[in-house]
Amino acid sequence: MIIHIILLFLFLIDKTLATMAAFALIPSQVPGAKHIRRPAKLNAKEDNILQTTNIMETDSDSAGDEVVYSPPQVVSSSASVTSTTSSTSSNKRRRKKITIPRTGNLPDINWRAISMTHLRAHPNFQPLPPPSMIDTLPTKEHVRYFRQESWQWDYLHVGRCTTSQASAALGFLEPKAASFLGIPKSLQRGGAGAWNRLSQTVPENEQSLEAMEQILCEGRSSSPTSIDIEDVVGWRPGSKEADKLWIPASRIRDRPFPFTAKYRPNLTIEDLYERKLHLQHHNNQPNPMKVRMSWGNSQEATSVLTALNYFCGIDECTVIHEVGMCGSRYDDMEDEMNGVKIGATPDALIHYADGTVEVLEVKNHCPFVLNKQQIPSRSNNGSKYRKKKKGGKKKKQSSKKEDDNHQHRDRDADGIPKSYLIRDFQLEQRVPPVYIPQLMMEMYCTGDNCNAATMVRQTATKGAILLRLRRCEHWIEEMKYFLGKFQTDFVKTGQCPNDNFFWSDDSNSRYRKFLQSTKDLSESVEQVAFVEHSKIQRMVLERGAGRHMNDVPLFLDRVYMDEE
């Protein structure tokens, strides 16, 4: 009996040692064990804000839309067991995920942008000619053929109420009216800017058609490149130039192409590195307003291309037209607005096959904001938790080491705090009220055959939404009335407008009804389409650059020439 007990005891010891030896191995060496990578101890949502994450494939402020800081969810790092005997599965290797920084000091305002110069060569885009090629103005309205970046376009702003001043002249940006309309404080300003603009005067001897033609038309010289205004609409870059930039989808036979034309130029690491050096030399202090405005300008052609791909993809006969200042024909009409000259420059015009025209306006929402958030970070020793007094979820309490670690990770290699954070927009099916005057004035100035405006609101991380606003004659008449009142009450009297001019506490007053109709129009827009982030055509990184073609960082901090 004693011998049996001793043998049983030795057997148990041997079994225990064997088990301990087995668990000393890595999981894949233990028979029947699964190879599992343990996830990080930090909550993925918190860690993802500051850590680098995958970006899944918008100028002015949010204009009242919700801005959220919600980066894409982290892809689980756990992997299932794969059979070692299967040659098929062993040959299928997934591309390693490229992580994109969410914070940085050097925002790339030209991120994957396609320039207007290149867009002018697109087969479905009708560009305006260089100003030097225009030698005559049959009517004042023909000034719309001068490009936006030309000095002629700037000259036409003198003394004119354009869309940039319309909201201010209507009193929409005053505190009480802005609060009623839901316009954020960052966009609110007084009417002094509009008053200054409208107070400017053009000399009488420069207002006639003959004088404007003499001043504006560079092509009046005997230059052999000058063309008549009738040829302007048919002007296009040379075919060789266009072929270097675009390949129409009809000529791509290998597979169905998702866009109307393939963009041939690629982005290189050298390009990104040059941008980085430029920013390091000129961008000593963060300037969010300058970054926001630069983003809107640099990304404008890319957003126009988004609309082009959508509308021309539906009907190949649709053409997107470049356009300059519209509305000058009203200068010689009856004085409906007490002498106010108006003008509007849409980002483009959509010309449909049936002859109808639609205004195209794009808004590029800048993804960069100053980094002011206190973001929890990973701690090597884990996190401390404590329960709420009345139960519920556990609340995280960071240790001193965690705080130090957070400060370190929120700084660059030189210990300088990272200046910018990526913001994500949740785009709603609405045109913010602050943009209603712009769209209505553009429709009015474009002409009677323009009965709608499409706004493209494009982001860097959340795709784009296309919204259509219908023309409202009653609203336009009220706009003209209050612009004329602004001219009479302030411009002609030489008195700068006071705060909350036009505002009335009476909800039945004409102005309050005008504000209410503006809110109603903001909510009455229809959604034309939503374009997913991956379906927006942008410049891609050249092959062989060490990244996937679409994986281009929004920050240039980590771009180096030796990157593979």
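(A) Spotlight on the overall build of the protein chain. The secondary structure content of the protein chain amounts to 17 helices and 18 strands. Buried residues in the protein chain amount to 47% of all 564 residues. When the accessible surface of the protein chain is split by element, carbon and sulfur atoms take 51% of a total near 30100 Å².

(B) Highlighting the packing of helix H15 (residues 436-446) against helix H16 (residues 473-491). Axis separation between H15 and H16 bottoms out at 10 Å; the angle between their running directions is 100°. Considering the angle they form, H15 stands roughly perpendicular to H16. Where H15 approaches H16, its residues Ile436, Pro437, Met440, Met441 and Tyr444 are matched on the opposing element by Trp475, Ile476, Met479, Lys480 and Leu483. The residue makeup of the contact of H15 with H16, split by class, is 9 nonpolar, no polar and 1 charged.

(C) Structural context of a positive patch on the surface. On the surface, a cluster of positive charge is made up of Arg255, Lys262, Arg264 and Arg543. By the secondary structure assignment, Arg255 is in the loop between strand E5 (246-248) and strand E6 (261-263). Judged by relative accessible area, which is 52%, Arg255 ranks as exposed.

(D) Looking closely at helix H17 (residues 510-523). Across its 14 residues, H17 extends 20 Å between first and last C-alpha, which sits within 8% of the 20 Å expected from 1.5 Å per residue. Among all positions in H17, only Tyr511, Arg512, Phe514, Leu515, Thr518, Leu521 and Ser522 are buried. Looking at the buried positions of H17, the neighbouring elements they touch are helix H7 (175-181), H15, strand E17 (464-470) and H16.

(E) Summary view of the packing of H16 against H17. H17 packs onto H16 with a crossing angle of 135° between their chain directions and a minimal axis gap of 11 Å. In terms of their interaxial angle, H16 and H17 are classed as oblique. Crossing angle aside, the handedness with which H16 passes H17 is left-handed. On H17, the residues that touch Trp475, Glu478, Met479, Tyr481 and Phe482 of H16 are Arg510, Tyr511, Phe514, Ser517, Thr518 and Leu521. Residue composition of the contact of H16 with H17, by class: 7 nonpolar, 2 polar and 2 charged.

(F) A look at the pairing of strand E9 (residues 348-351). Pairing of strand E7 (residues 319-321) with E9, which is carried by 3 bridges, proceeds in the antiparallel orientation. Bridge pairing links Val319 to His351 in E9. With 4 bridges connecting them, E9 and strand E10 (residues 357-364) associate as antiparallel partners. Within E10, the position partnered with Ile350 by the bridge is Glu358. The turn linking E9 back onto E10 is made up of 5 residues, and Gly355 within it adopts a positive phi angle of 95°.

(G) Broad picture of the sheet that holds strand E18 (residues 526-531). Reading across the sheet, the 7 strands line up as E3-E7-E9-E10-E16-E17-E18 and stay open at both edges, with mixed pairing between neighbours. Since the sheet does not close on itself, it has two edges, and those belong to strand E3 (125-126) and E18, each with one partner. Where strand E16 (residues 450-458) meets E17, 7 bridges bridge the pair, whose relative direction is antiparallel. Looking across to E17, one finds that Ala452 is bridged to Arg470. Sitting on the sheet, H15 is in contact with E9, E10, E16 and E17, with an inclination near 150° to E10.

(H) Broad picture of the confidence of the model for the protein chain. Considering every residue of the protein chain, the mean pLDDT works out to 78; 69% of them sit at 70 or more. When the elements of the protein chain are averaged for pLDDT, strand E12 (residues 384-387) gives the smallest value, 30, and E9 the largest, 98. Below pLDDT 50 for its whole length, residues 15-61 participates in 95 contacts with residues either more than four positions away or in separate chains. When the criterion is pLDDT under 50, residues 66-98 qualifies, and its contacts beyond four places in sequence or with other chains add up to 47 contacts.

Reading the values: the criteria
Residues numbered from 1 in each chain as written. Predicted model: local features only at pLDDT ≥ 70, side-chain atom pairs only at ≥ 80, totals over all residues. Heavy atoms only, no water. Helix = DSSP H or I, 4+ residues; strand = E, 2+ residues; numbered from the N terminus. Buried < 20%, exposed > 50% of the residue type's maximum accessible area, 1.4 Å probe, protein only. Areas by Shrake-Rupley, 256 points an atom, 1.4 Å probe, with all protein chains shown as cover. Axes fitted to C-alpha atoms, helices over the stretch in contact; angles between N-to-C directions. Parallel < 35°, antiparallel > 145°, perpendicular 65-115°, else oblique. Contact = heavy atoms within 4.5 Å. Nonpolar A, V, L, I, M, F, W, Y, C, P; charged D, E, K, R; others polar. Patch = residues over 30% accessible without salt bridge, like charges linked within 9 Å, V, L, I, M, F, W, Y side chains within 5 Å. Salt bridge = Lys/Arg side-chain N within 4 Å of Asp/Glu carboxyl O. Lys, Arg positive; Asp, Glu negative; His and termini not counted. Charge placed at Lys NZ, Arg CZ, Asp CG, Glu CD. Expected span 1.5 Å × (residues − 1). Left-handed = near helix turned anticlockwise from the far one by under 90°. Pairing = 2+ DSSP bridges. pLDDT = per-residue confidence, 0-100.

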